Amino acid sequence: VQLQASGGGLVQAGDSLRLSCAASGRTFSGYEMGWFRQAPGKEREFVATISGSGGNTYYADSVMGRFTISRDNAKNMVYLQMNSLKPEDTAVYYCAASGTRGRAVRGREYDYWGQGTLVTVSS
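This one's a predicted model, so the numbers in the text were calculated from it and none came from an experiment. Numbers given for residues are sequential positions, taken from 1 along each chain in its written order. Residues qualify for local features only when their pLDDT is at least 70, as the model is predicted, and side-chain atom pairs are given and counted only at 80 or more; totals for whole chains, interfaces and linings, by contrast, use all residues. Side-chain measures here rest on the full set of heavy atoms in the structure, leaving out hydrogens and waters.

Caption draft 1: Spotlight on the sheet that holds strand β1 (residues 3-6). Spatial strand order, β1-β3-β8-β7: 4 strands in an open sheet with antiparallel pairing. Each edge of the open sheet is held by one strand with a lone partner, namely β1 and β7 (67-72). In this sheet, neighbouring strand axes are inclined to one another by 15 degrees on average, regardless of whether the strands run parallel or antiparallel. If DSSP finds at least two bridges between two strands, the strands pair. Going along the chain from the N terminus, every DSSP run of H or I of four or more residues is numbered as a helix, and every run of E of two or more is numbered as a strand. With 6 bridges joining them, strand β3 (residues 17-23) and strand β8 (residues 77-82) adopt antiparallel strand pairing. Considered in β8, the bridge of R18 is made with Q81. Angles run from 0 to 180 degrees between N-to-C directions of axes, and those axes are lines fitted to C-alpha atoms, restricted for helices to the stretch in contact.

Now the structure itself:
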């Protein structure tokens, strides 16, 4: 599976942004998909994950209620809608695919990673 993330940019606090991740491969729906982020000088952290069918989602506390993960299996796409952005959301965002069954919140549970897209939120 190859992943290509896009949609990052420079926005102001309170703005919205939607990240997209295009996946290759015919078995996309068999993978749980996740978004992670890494801020400058910090470790990579989990953001959100969605099951293969799209029926189950899970979020980090820091983004709960502001971010929404979704997927379109017909298009091999996963999205991260980010609302009410804060300066502390500034990071490189990565999409990833996991063959693990169940909720995958740790990076080591993911088998494939995209290249990352930078989100910068100014105050």
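After that view of the structure, there is still more to cover.
Caption draft 2: Structural detail: the side chain of T49. For T49, the position within the fold is in strand β5 (residues 45-50). Polar side-chain contacts of T49 include one of 3.1 Å to the backbone oxygen of M33. At a separation of 3.1 Å, a polar atom in the side chain of T49 contacts the side chain of Y110. Residues in contact with T49, not counting those within four places in the same chain, are E32, M33, G34, N56, T57, Y58, I69, R103, A104 and Y110. Polar contacts, as counted here, are pairs of nitrogen or oxygen atoms within 3.5 Å of one another; within protein the pair requires one atom able to donate a hydrogen and one able to accept it, and residues that are adjacent in sequence qualify only if both atoms are side-chain atoms. Whether two residues touch is decided by their heavy atoms; if any such pair falls within 4.5 Å, the residues are in contact.

Caption draft 3: Local environment of the nonpolar core. Take the buried Ala, Val, Leu, Ile, Met, Phe, Trp, Tyr and Cys residues and link them wherever side-chain atoms come within 4.5 Å; each set so joined is a nonpolar core. Three exposure classes are used, based on accessible area relative to the maximum for each residue type with a 1.4 Å probe and protein chains only: buried under 20%, partly exposed in between, and exposed over 50%. M33, W35, L80, M82 and Y93 are the most contacted members of the largest nonpolar core, which has 35 residues in total. Breaking this core down by element, the ones donating at least two residues are β1, β3, β4 (32-38), β5, β7, β8, β9 (91-98) and β11 (117-122). The biggest single contributor to this core is β9, with 5 residues. Each residue touching M33, except ones within four places of it in the same chain, is listed here: L3, C21, F28, A48, T49, I50, I69, R71, V78, A96, A97 and Y110.

Caption draft 4: Layout of the pattern of salt bridges. One speaks of a salt bridge when a side-chain nitrogen belonging to Lys or Arg is within 4 Å of a carboxyl oxygen belonging to Asp or Glu. Scanning the entire structure with this criterion turns up 4 salt bridges. Between D89 and R37 there is a salt bridge whose closest N-O contact spans 2.9 Å. A residue pair is termed long-range when its members are at least 10 positions apart, and D89 in the loop between β8 and β9 and R37 in strand β4 qualify at 52 residues. The buried category is assigned to D89, whose relative accessible area is 1%. R37 gets classed as buried once you look at its relative accessible area, which sits at 5%. R66 is the partner of D89 in a salt bridge, and the nearest nitrogen-oxygen pair spans 2.7 Å. Taken as a pair, D89 in the loop between β8 and β9 and R66 in the loop between β6 (57-59) and β7 lie far apart in primary sequence, 23 residues in all. Residue D89 shares its accessibility class with R66, and that shared class is buried.

Function cannot be inferred from these measures alone, as they are strictly geometric.
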